[in-house]
Amino acid sequence: MTGPPPAAILSRWAREQARLKGGVVREDTEEWQKEPSFAGLQRVGGVDLSYIKGDDSRACASLVVLSYPGLEVLYEDCRMVAVSAPYVAGFLAFREVPFLVEAVQRLQQEEPGLKPQVLLVDGNGLLHHRGFGVACHLGVLTDLPCIGVAKNLLQVDGLARDELHREQIRSLQREGDTFPLTGTSGSVLGMALRSCNSSKPLYISVGHRVSLETAVRLVQSCCRYRIPEPIRQADIRSREYIRKQMCSPVKVPSSGPERAPCPRLGKVTGDLICFRRP
DNA sequence: GCGACAG
DNA sequence: ATCTTGTCGC
Ligand SMILES: [Mg+2]
C-alpha cells in the first residue's frame, strides 16, 4: 500500500460513491431531532482513527458513546486495525470506513442497549466533491443518523480558503454563530460554525438522516471545547491507545533468527523490553 | 496544464 | 494524520 492509487481504482471508488449516494437521507427522521432541547436523545457516538508516524499500515480505530446531555463516556472501543488504502482527499472513506462499520457492528452485537442515536464523524458528509463524504458513507452503510464534522475546509465546488472566506470567519463573533457554505451550484453544502469561542470554525455537513439545521444545533450542544466531545474523546482515546501500545513491554523470542520489533533498537533477544519514543 | 485537497 | 514540552496568555 504505497503511493497513490491508480486512476482505475479512483474511478471505481467514485462510481461506488455515486451508487451509494442514492441512499442518503438528508432530512430529520427521528422524533428527538424535532425537540427544542433534543428531548429523547440519550446517546451520541463519535468515531475517529489515529495513525502512527512512520507506519502506513497500522492505525487505531475508535468508537465511543457518550450520554446526552451529560456527555459522559458510556462505551469505548479502541482497536488496532490494518489500514489498506492511502489517504486521498475525496476518498477518505475507503481508508477509514471499513473499521468504523466493524466497530458499529461489534457494539450492536455486544452492547445493543448502548447503540448511539446519532454519530458524529470526523470528516465531511455532503460537503464533498461528489456529495458523498465519509459521514454519508458510514451513515448509509449502517443506517445510523450521521453528522460530518471537519476541522478544515475541503475546497470543493468553488469553496476556497481565500480572503473572502477568512473574512466570513472573522464575522463569526459569538459562539454558535454560523455562515452557510454555498457551492457554485447555489446549494448549501454545509455550515461553518464557531464553537466554544474558538476563532477557528468547524465545518458541519449532513451525513445521513439529519437536517443541516439539526446537525449544527446538535454539534453546538456537544461542545465543551472546540471539538465536539464525542469526536474529541474518540480522538484522545485512539491516540492514547497507540501511545500505550508503543510503551508497553514486549516479549522478544529468544529462539529463531535474531530480530528486533523496532529497527532503532538494534539487536534484541530474550527478556522483556520496553518501547519508548525515540 | 497547474494547484488545491477532510483525515 | 504525525513530528512535540513547556509555556505564554485570556
Ligand atoms: Mg481524527
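Values in this document were obtained by computation on a predicted structure and should not be read as measured data.

A.B. asks: Can you lay out the pairing of strand β8 (residues 202–208) for me, pointing to particular residues and giving the numbers?
C.D. replies: For β8, the tally of buried residues reaches seven of seven residues, placing the bulk of the element in the interior. Of the strand pairs in this sheet, strand β5 (residues 146–150) and β8 are connected by five bridges, and their pairing is antiparallel. Across the sheet, Cys146 pairs through a bridge with His208, a residue of β8.

A.B. asks: Give me the sheet that holds strand β3 (residues 73–82): which residues, what numbers.
C.D. replies: Strands sit in the order β3-β2-β1-β4-β5-β8-β7-β6 across an open sheet of eight strands; the sheet is mixed. Each edge of the sheet is formed by a strand with only one pairing partner; in this case those strands are β3 and β6 (178–182). Across this sheet, the average inter-strand angle for adjacent strands is 25 degrees, counted without regard to direction.

A.B. asks: Break down the packing of aromatic side chains for me, with residues and values.
C.D. replies: This structure, assessed with the given rule, holds five aromatic pairs. With a centroid separation of 6.2 Å and 75 degrees between ring planes, the pair formed by Phe38 and Tyr68 is classed as edge-to-face. Separated by 30 residues along the polypeptide, Phe38 in the loop between α1 (7–20) and β1 (43–52) and Tyr68 in the loop between β2 (55–67) and β3 bring together distant segments of the chain. The residues Phe38 and Tyr68 share a single accessibility class, namely buried. Taken together, a centroid distance of 6.3 Å and an interplanar angle of 45 degrees make the contact between Phe91 and Phe94 tilted.

Conventions adopted
Residues numbered from 1 in each chain as written. Chains lettered and ligands numbered in written order. Predicted model: local features only at pLDDT ≥ 70, side-chain atom pairs only at ≥ 80, totals over all residues. Heavy atoms only, no water. Buried < 20%, exposed > 50% of the residue type's maximum accessible area, 1.4 Å probe, protein only. Helix = DSSP H or I, 4+ residues; strand = E, 2+ residues; numbered from the N terminus. Pairing = 2+ DSSP bridges. Axes fitted to C-alpha atoms, helices over the stretch in contact; angles between N-to-C directions. Phe/Tyr/Trp six-rings, centres within 6.5 Å; stacked < 30°, edge-to-face > 60°.

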